[in-house]
Amino acid sequence: MSVEIKLPDGSKLSYDGPVCPMNVAEDISPRLAAAAVAAEVDGQLTELTAELTDGEHQVRIITDRDDEALEVLRHTAAHVLAQAVLRIHGPNVQYTIGPALTDDFQYGFYYDFDLPVKISTEDLPAVEDEMRKIIDERIPIRRLEMSVDEAKEEFRRRGQEYKNEMIDDLVRDERVETVSLYEQGDFLDMCRGPHLPHTGKVGAVKLLAVAGAYWRGDQSRRMLTRIYGTAFFDEKALKQHLERIEEARKRDNRVLGRQLDLFFIDEEVGPGLPMWLPKGNVIREELQNWLKGELVKRGYQLVSTPHIGKLELYRTSGHYPYYQDSQYPPIPMGDEEGYLLKPMNCPHHMRIFKATQHSYRDLPVRMAEFGTVYRMEQSGELNGLIRVRGFTQDDAHILCTPEQLESELASCVELTQLVLDVLGLDDYRVRVGLRDPDSDKYVGDAENWTLAESNLRQIVRKLGMNYVEEAGEAAFYGPKIDFVVTDCLGREWQLGTIQVDYNVPERFELEYTGRDNAPHRPVMIHRAPFGSLERFIGILIEHYGGAFPLWLSPVQVAVLPVSEKVADYAERVASRLREAGIRTELDDSADKVGAKIRRATMQKVPYLAVVGPREAEAESVAVRTRGAGDQGARPLEEFVQSLIEEIDSKAQNVVTGTMG
RNA sequence: GCCGGCGUAGCUCAAUGGUAGAGCACCGCUCUUGUAAAGCGGAGGUUGUGGGUUCGAGUCCCUCCGCCGGCUCCA
């Protein structure tokens, strides 16, 4: 037997007998062997103890400094969790799946169990203790390759029926004949691996949450108990991670919404029905006014439509009864058929289009509305401003000819990107949502779908966008481009969306007269750069941590007189600022200036104008910024002009401080 | 909707089954203030709702409502 090893630095090692990557690491240096967690052999991640076959191999030793290492560590941590739960709750525990999560903001891994008992977060410390014992025991982890029948027999013996269902699926879907198992002491799991050489390599673990999760993600199947945790190579990294989560929670839109008096959701009004307080409403109005300006520049026409419509309208569009269980129930009207609170604006817009004749010369028609819609989202889904039951879409429907479609789509993408750019939301991904080939939830014929999907694909390619295609993410009437962002805890949400739709125009029998004097059917784009104003602002609150750029700040300047002796001058400063259109608050309380500064700072007011006798004398203000503290005195007029400039520029650079 | 947890003053949180409390905020008074909290006083509660156990329930049990973390859903 002869094994040739090529290392990343080009050097070679050869062996006569059996050899595994761990032996290679040991031969390179004891330090490397100690730090090794896995290996990459011929481009494939594998464990250190995997015996290398005859011949030549590219071998790279993965240490805790490599990106792949964390995934291996957490995967093993999940197995340690399962072993601990088995030790505590006995052989009646069924363990199912337990993947590593390396992209999640909070969680590093989870494991789903079918447990004989109920457990809660209070039970986690005991499980954690057991995990630490398993780690201290440095239990060797061994990979076994077994035939499907052997493996099934083994799991049957252990009473692990879920594992056998998984094996059956592998046999059916991938036609496997053998499966890989990992044995760690008395714990055995089916797993692709790779894993750490022994449990002692799992450095620091922390269990974070208990949750329910349907087996196979299927609502009709059994609800399992999921335990979330995270793991790192050392305690320091774990501690830093936990602190990051703590910090993130402070940015939560629900927390800041209350602290900064932006909005509130009142049980007596109804769950998921946010109300905008004066300060939050400033942000809403600013965003809307800005976008309206951009829409007019791009040839949109604004319309307004009612909040309800007859049931039949939504039958025509297809929204009713398709989404019946996530709509507020229809308003009954005695003998007459009822009305529905509008869950979408498009049916009304379709009727507007149909109300007048259209020539090809009129197209594209770009009809925009800040339309408030109501959807009876499931109670368990509601989440601050981010998932609500009443929200306002910056909606528009563009009706155009097939020839115009591409440039219209490009313009929608440009507008959406502008919105994200100006607000500094650069951490988003683009998802092209397509049909799920196995689902029958879609309306219209396959031909139109294929066409619409290729329209979208073409535009994202042409614009050179980074995107991922996801089957099953389309709307029921057409495919879409979604702009997806994450909230403070790393949960993904769709904001902007651009959808191509050949179906709804057909259902409403929309027509325009072509150059050939014959009727033609327009193509429709549904698009919303913000998506929902509620969700968008929720994300913005978290993005800025409540410290909005000047143009969006509910209060732009707080005027803080040092004593009542300068009350008159402070009043004059405040009036001058307000006259210039600057949102100004005058703090004429009896507090000392330190307290006034503290209060305004905690409200994240971008500019504080401290005024005392010196400033009154010189017609100036002592400026203190949110980011950089005391900036010294400036002439009042100069200050006003600089604020106006900054507001007009929609600059973000003032929001740099970490104070408050 | 499902699984688990939680619900005490406007907010953040205390209170072995035994007289519901603190800080902040609010109101009043004193201080006249110079860059992140002046002092004193006052008011504020059917402990989410409805029921049950108990001599006695914020605390234990059940119902409903709401919130939180997930899952499922998301036009």
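Scoring rules and cut-offs
Residues numbered from 1 in each chain as written. Chains lettered and ligands numbered in written order. Predicted model: local features only at pLDDT ≥ 70, side-chain atom pairs only at ≥ 80, totals over all residues. Heavy atoms only, no water. Buried < 20%, exposed > 50% of the residue type's maximum accessible area, 1.4 Å probe, protein only. Helix = DSSP H or I, 4+ residues; strand = E, 2+ residues; numbered from the N terminus. Pairing = 2+ DSSP bridges. Core = buried A, V, L, I, M, F, W, Y, C linked by side-chain atoms within 4.5 Å. Contact = heavy atoms within 4.5 Å. Near = heavy atom within 4 Å. Polar contact = N/O pair within 3.5 Å; in protein donor to acceptor, adjacent residues only side chain to side chain. Expected span 1.5 Å × (residues − 1). Phe/Tyr/Trp six-rings, centres within 6.5 Å; stacked < 30°, edge-to-face > 60°. Lys NZ or Arg CZ within 6 Å of the ring centre and 35° of its normal. Patch = residues over 30% accessible without salt bridge, like charges linked within 9 Å, V, L, I, M, F, W, Y side chains within 5 Å. Areas by Shrake-Rupley, 256 points an atom, 1.4 Å probe, with all protein chains shown as cover. Salt bridge = Lys/Arg side-chain N within 4 Å of Asp/Glu carboxyl O. Lys, Arg positive; Asp, Glu negative; His and termini not counted. Charge placed at Lys NZ, Arg CZ, Asp CG, Glu CD. Axes fitted to C-alpha atoms, helices over the stretch in contact; angles between N-to-C directions. Arc of directions from axis to C-beta.

Q: Please clarify how the pairing of strand β30 (residues 607-611) should be interpreted in this entry.
A: If a strand is regular, its side chains alternate between the two faces of the sheet. Among the 5 residues of β30, 5 are classified as buried, and the element is accordingly described as predominantly covered. Residues of β30 alternate between two faces, with Tyr 607, Ala 609 and Val 611 on one and Leu 608 and Val 610 on the opposite face, all of them buried. Sheet analysis places strand β28 (residues 557-561) next to β30, joined by 5 bridges and oriented parallel. Looking at the pairing, Leu 560 lines up with Val 610 of β30.

Q: Can you help me understand the nonpolar core in this one?
A: In terms of nonpolar packing, the biggest core is built from 77 residues, with Leu 287, Leu 423 and Phe 536 touching the most fellow members. By residue number, the principal contributor to this core is helix α13 (residues 405-422), which donates 8 residues. Not counting residues up to four positions away in its chain, the partners in contact with Phe 536 are Leu 287, Val 419, Leu 420, Leu 423, Leu 425, Leu 495 and Phe 530. Membership of the second largest hydrophobic core comes to 50 residues, among which are Val 72, Met 146, Met 190 and Leu 224.

Q: Please explain the protein's contact with RNA strand B as it appears in this structure.
A: Within the structure, RNA strand B sits among 63 residues, and Gln 219, Met 344, Ser 379, Glu 381 and Arg 598 are positioned closest to it. Sugar and phosphate atoms form 52% of the subset of RNA strand B atoms that lie within 4 Å of the protein. Here a phosphate oxygen of RNA strand B sits 3.4 Å away from a polar atom, N or O, in the side chain of Asn 383. In this structure, a sugar or linking oxygen belonging to RNA strand B sits 2.9 Å away from a side-chain N or O atom of Arg 624. Where the surface near RNA strand B is concerned, the elements lending two or more residues are β11 (204-214), β12 (223-232), α8 (253-259), α18 (593-602), α19 (613-618) and β31 (620-625). Here the element with the most residues in the surface near RNA strand B is α18; it accounts for 7 residues.

Q: Got a minute to help me understand the sheet that holds strand β22 (residues 467-471) in this structure?
A: Within a beta sheet, neighbouring strands are joined by backbone hydrogen bonds and run either parallel or antiparallel to one another. A sheet is described by the order of its strands in space; here 8 strands give the open sequence β15-β19-β20-β27-β24-β23-β21-β22, paired in mixed fashion. Both outer strands of the open sheet, β15 (301-302) and β22, are each paired with one neighbouring strand and no more. Bridge count between strand β19 (residues 365-374) and strand β20 (residues 390-400): 10 bridges; the pairing is antiparallel. Within the sheet, the bridge partner assigned to Thr 372 lies in β20 and is Thr 392.

Q: When you look at α13 in this model, what are you seeing that I'm missing?
A: Residues that lie three or four places apart on an α-helix share one face, since the helix turns once every 3.6 residues. Its 18 residues give α13 an end-to-end C-alpha distance of 26 Å, which sits within 8% of 26 Å, the value for a rise of 1.5 Å per residue. Taken residue by residue, α13 has Leu 405, Glu 408, Leu 409, Cys 412, Val 413, Leu 415, Thr 416, Val 419, Leu 420 and Val 422 as its buried positions.

Q: For this particular structure, what's the right way to read the packing of aromatic side chains?
A: Aromatic rings in a pair are described by how distant their centres are and how their planes are angled relative to each other. For the structure on display, the rule yields 17 aromatic pairs. Summarising the aromatic geometry, the rings of Tyr 95 and Phe 187 are spaced 5.0 Å apart at their centres and angled 45° between planes, so their arrangement reads as tilted. Placement of Tyr 95 in strand β6 (residues 94-95) and of Phe 187 in strand β10 (residues 187-190) is noted, with a sequence separation of 92 residues between them. By the burial criterion, Tyr 95 is buried, and Phe 187 matches it. An angle of 70° between the planes, with centres 5.0 Å apart, marks the rings of Tyr 442 and Trp 449 as edge-to-face. In this pair, the class of Tyr 442 matches that of Trp 449, namely buried. One aromatic cluster is present, built from ring pairs that chain together Tyr 95, Tyr 111, Phe 113 and Phe 187. Here Arg 74 stacks its cationic end above the ring of Phe 232, 4.8 Å away from the centre of that ring. One residue, Lys 650, lies across the ring of Trp 551, its end atom 4.8 Å from the ring centre.

Q: Any chance you could explain a negative patch on the surface here in plain terms?
A: Among the surface-exposed residues, Asp 445, Glu 447, Glu 506, Glu 509 and Glu 511 lie close enough to one another that they form a single negatively charged patch. Residue position: Glu 506 is located in helix α15 (residues 503-507). The exposure class assigned to Glu 506 is partly exposed, which follows from its relative accessible area of 37%.

Q: What should I look at first to understand the sheet that holds strand β4 (residues 44-46) in this one?
A: The 5 strands are arranged β2-β1-β5-β3-β4 in an open sheet whose pairing can be described as mixed. The open sheet terminates on both sides in strands that have one partner only, identified here as β2 (12-15) and β4. Between one strand and the next, the sheet's axes are offset by a mean angle of 35°, whatever the strand orientation. Pairing of strand β1 (residues 3-6) with β2, which is carried by 4 bridges, proceeds in the antiparallel orientation. Looking at the pairing, Ile 5 lines up with Leu 13 of β2. The strands touched by helix α1 (residues 21-28) are β1, β2, β3 (36-41) and β5 (55-63); relative to β2, the strand with the most contacts, the crossing angle is about 120°.

Q: How should the pattern of salt bridges be read in this particular structure?
A: Side chains that differ in sign of charge can pair as their charged atoms come close. Enumeration over the complete set of coordinates arrives at 53 salt bridges. For Arg 157, the salt bridge is made with Glu 154, and the minimal N-O distance between the two is 2.8 Å. With a gap of 3 residues between them, Arg 157 and Glu 154 both fall in helix α5 (residues 148-157), about one helical turn apart. Accessibility expressed as a relative area gives 16% for Glu 154, which makes it buried.

Q: Can you help me understand a nonpolar patch on the surface in this one?
A: Taken together, the side chains of Ile 308, Ile 331 and Met 333 define a hydrophobic patch exposed on the protein surface, amounting to about 220 Å² of accessible area. Among the structural elements, Ile 308 can be located in strand β16 (residues 308-310). A relative accessible area of 35% places Ile 308 in the partly exposed class.

Q: How should I be thinking about α5 in this particular structure?
A: Within the span of α5, buried status applies to Val 148, Ala 151, Lys 152, Glu 154 and Phe 155. Across the axial projection of α5, the buried residues extend over an arc of 160°, all falling on one side. Residues of α5 that are exposed and point more than 90 degrees away from the buried face comprise Asp 149 and Arg 157. Along its buried surface, α5 packs onto β6, β8 (141-147), α6 (161-174), β9 (178-184) and β10. After α5 finishes, the residue Gly 159 shows a positive phi value of roughly 75°.

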